[in-house]
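Spelled out, the chains give:
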Amino acid sequence: MAESRAAPRTLFLAGLAAAYLAAFVSLYLQIPGLYGREGILPARRVLRLSGKGLWEQLRDVPTLLWLVPHLGLDTEMGMELLCLVGSVASFGALLWEPLRDSLLFALLRVLYLSLYQVGQVFLYFQWDSLLLEAGFLGVLVAPLRLLRRGGSVSARPHDAVTFWLVRWLLFRLMFASGVVKLTSRCPTWWGLTALTYHYETQCVPTPGAWFAHQLPTWFHKLSVVATYVIEIAVPVLFFAPIRRLRLFAFYSQVLLQVLIILTGNYNFFNMLTIVLAFSLLDEEHVGRWLGRGRRKNNPSAWPPTLGSFLAASLELSTYGLILYWTVQYFGLEIDWEKKLLDSRVAFTYHEFTTWLRTVTLPLVGVGFLSLSWEILAAMYRCACVRGWLWKAWAALQWALFSAAALGVFAVSLVPFTYIDYESSGQLWPGLRQMFGAVERFQVVSSYGLFRRMTGVGGRPEVVLEGSYDKHTWTEIEFMYKPGNVSAAPPVVAPHQPRLDWQMWFAALAPASSSPWFASFVQRLLQGQEDVIRLVQLDQSRYPFSARPPHFIRARLYKYWFTRHAEGSPAPWWRRQLVGEFFPPVSLGDPALDALLEQHGLKGKTPPRRLTDAPLPRLLGVLRRLARPLSGPILLWSLYLGGAVAVLLRALIPRPRGGSPPPAPRQKPPRGGGGGERNGQTRRKEAKETEEKGEGRPRGGGSDPSGNGKLRGGGRRG
């Protein structure tokens, strides 16, 4: 029988709520500058009236923002309303376990999907797709308790089936992220030198990235080897039948994500990946974290049983094979003279693609067998439910959720097999049709992080400059992205400054590849305050806060981290001018107007309708209160406040009438005939004690028979 995973499921749902909170709050603070009426990419451009009916509009662009005009709101204020509702709901679910309900997670996903549909380039990141897919699984994993009388729920026989989908998502994310590094043919990944560039060339590095960059080259190469092992070899252990192998896989993934958090600002992505890894845990292991681990009666029993001996042998063999293959395929050798561990890739691109083609579909088979085992184990648990009515109710839920899990698994094979086109071509065509039908809803997605290493010859960085006379230019420094060589890298996560991220992408290609950049320049020339707040929240640090510049240009630089041995006066960065990125322009410049016209960004902003309705006025008040707030500070304040609330709730003693301490165990009476009856009596007494502790009468749970009590002593579905 499968292990209980109620505690890991609770951790997953709480962590998912925390990721939603970061996503909603971070986006809310940036809506006016990104999507406002005078923002960089106004959201109203996406939702233009076309004469279609409401259902046709929802089919083409599934978003609740089609409905906000009925509330007297424009698209921008509608986005703010969705973010606020999502922030409150996710914060409530983070604090209060009864709110971690399937209906609430369905609401959170609909809200974020609605925002994603109009987010344009600023929301097209892999972690946004990952949050939407994890959010969909949260709807299946979370219990349905808000509609139940009393609000409590016990473990359901099918819980392990839906929770398995979280593990499958984690496998697809990590395995694909490791594979694409090699299929991309990036010379830095194949040469194991990627991390010698990564720390200084990532979008928004942390101070820890500067220190990691100082490590010797052999250590960076060994770190790349460890990354390959954790992302390609270890994920196969997610489906291992031995729990210690799954725990090893869990801590390997957590170690990788923690190291990324220390050296890079990747918003809620790493936190969400750790949350997905909770699916590898079981009740006993989480209980040990909380000091509730079960003590074994005879931990030093000898000789061991045959099963434990075989499990230990298989576990040690697995570790040995991973170590052997790592040494064999990455040529690990100790150089005693130089006192370092050397490494190199000992296989060719053709050998790797042949191996990938060989294992892709078998890995799908392993996943299918693992899911089938969970489904069969859940069916057995349904059969163990006592009472024919409860047994039928559990079987119905098992059938529905098993069918949903098989459907999600089948559809996910289409994006998963993108890693190998020959394997993808062998899929049943019907799966592609199913994927095409749900693709707009972001139910499943393809992943592949850090496919190629950019900035090998130096980190490209766009630096904006403004002027009043076109002769004296002043740099415009951003809050988070590199600019001033003396400014330390910031700590931003879990907030994501989406403009800073797009500035990083813009520097990798000509300005014509980033249509939004011309609109950004225009808004700065106009002196739009909401856009300026994306650059500098502190107006005193913005050089043109008194009046906007007459001219703006952008220049391309190459940035490098300084090193200890250089003795540079700038402690963090050094840079070199490459050339012009965007020519000097002013308002009314024909070149600027042509670019805006070309991308549909030119036109008069429609006037905002004045209204005395309470909802628009409330949203306006909240926006004025939020303007001076910093994203990282606000998010960490919310997390800290939530942690304090949970801690106080745990420390404050329960009022009288709470659950009494457990009674000491008594030896069962002698006699072989009363064992089952005595066991039923103890379960009945325990149930009465629990109901008294919760302060509700017996029979308070919902019963499909309508009798107001649990029939046959079975578990509730």
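Residues numbered from 1 in each chain as written. Predicted model: local features only at pLDDT ≥ 70, side-chain atom pairs only at ≥ 80, totals over all residues. Heavy atoms only, no water.

**Looking at empty space enclosed by the protein**
This structure, assessed with the given rule, holds 2 cavities of 30 Å³ or more. Taken as a whole, the largest cavity holds about 260 Å³ of empty space. Taken together, 21 residues form the lining of the largest cavity, with L29, Q30, R533, L534 and L537 sitting closest to its centre. Counting residues per element, the lining of the largest cavity draws most heavily on helix α1 (residues 6-35), which supplies 4 residues. Within this model, the second largest cavity holds a volume of roughly 60 Å³. (1 Å grid on protein atoms, 1.4 Å probe; cavity = no way out; pocket = protein on both sides within 12 Å on 5 of 7 lines; lining within 4 Å. Points joined across faces, edges and corners; volume = space filled by probe spheres on them. Helix = DSSP H or I, 4+ residues; strand = E, 2+ residues; numbered from the N terminus.)

**Remarks on a nonpolar patch on the surface**
Taken together, L255, V258, L259 and L262 make up a surface patch of nonpolar side chains, about 350 Å² in accessible area. Along the chain, L259 turns up in helix α11 (residues 243-263). Accessibility expressed as a relative area gives 45% for L259, which makes it partly exposed. (Patch = residues over 30% accessible without salt bridge, like charges linked within 9 Å, V, L, I, M, F, W, Y side chains within 5 Å. Areas by Shrake-Rupley, 256 points an atom, 1.4 Å probe, with all protein chains shown as cover. Salt bridge = Lys/Arg side-chain N within 4 Å of Asp/Glu carboxyl O. Buried < 20%, exposed > 50% of the residue type's maximum accessible area, 1.4 Å probe, protein only.)

**Examining the packing of aromatic side chains**
How two aromatic rings sit relative to each other is given by the distance of their centres and the angle of their planes. All told, the structure shown has 57 aromatic pairs when counted by the stated rule. Ring centres of F125 and W127 lie 5.4 Å apart, and the angle between their planes is 10 degrees; on these two criteria the pair is classed as stacked. Given a relative accessible area of 5%, F125 falls into the buried group. Among the residues examined, W127 registers a relative accessible area of 6% and is labelled buried. Judged by centre distance (5.8 Å) and plane angle (80 degrees), the rings of Y559 and W573 are edge-to-face. Of this pair, Y559 sits in strand β5 (residues 551-561) while W573 sits in strand β6 (residues 573-585), and the two are 14 residues apart along the sequence. With respect to burial, Y559 and W573 carry one shared label: buried. Each member of the aromatic cluster is reached from another via a ring pair, and the members are W189, W190, Y228, Y329, F330, F347, Y349, F352 and W355. The ring centre of F401 lies 5.9 Å from the NZ or CZ of R156, which sits over that ring. Sitting over the ring of Y557, R575 keeps its end group 4.2 Å from the ring centre. (Phe/Tyr/Trp six-rings, centres within 6.5 Å; stacked < 30°, edge-to-face > 60°. Lys NZ or Arg CZ within 6 Å of the ring centre and 35° of its normal.)

**Quick look at the nonpolar core**
In terms of nonpolar packing, the biggest core is built from 192 residues, with I40, Y112, L499, W516, F517, F520 and F582 touching the most fellow members. With 19 residues, α1 is the largest single contributor of residues to this core. (Core = buried A, V, L, I, M, F, W, Y, C linked by side-chain atoms within 4.5 Å.)

**What about the packing of α1 against helix α3 (residues 75-95)?**
In contact at an axis separation of 8 Å, α1 and α3 are set at 160 degrees when each is read in the N-to-C sense. By the criterion of interaxial angle, the relationship of α1 to α3 is roughly antiparallel. In the crossing of α1 with α3, the sense of the turn from one axis to the other is left-handed. Contacts between α1 and α3 involve A14, A17, A18, Y20, L21, F24, V25, L27, Y28, I31, P32 and Y35 from the former and E76, M79, E80, L82, C83, L84, G86, S87, S90, F91, A93 and L94 from the latter. Partitioning the contact of α1 with α3 into residue classes produces 19 nonpolar, 3 polar and 2 charged. (Axes fitted to C-alpha atoms, helices over the stretch in contact; angles between N-to-C directions. Parallel < 35°, antiparallel > 145°, perpendicular 65-115°, else oblique. Left-handed = near helix turned anticlockwise from the far one by under 90°. Contact = heavy atoms within 4.5 Å. Nonpolar A, V, L, I, M, F, W, Y, C, P; charged D, E, K, R; others polar.)

**Some remarks on the sheet that holds strand β3 (residues 459-467)**
Within a sheet, adjacent strands bond to each other through the backbone by hydrogen bonds, running parallel or antiparallel. Strand order in the open sheet formed by 4 strands is β4-β3-β5-β6, and the pairing between neighbours is antiparallel. Single-partner strands in this sheet number two, and they are β4 (474-476) and β6. On average, each strand axis in the sheet is tilted by 35 degrees relative to the strand beside it, whichever way the strands run. Bridge count for β3 against β4 is 3 bridges, and the pairing is antiparallel. The partner of G466 across the bridge, within β4, is T474. (Pairing = 2+ DSSP bridges.)

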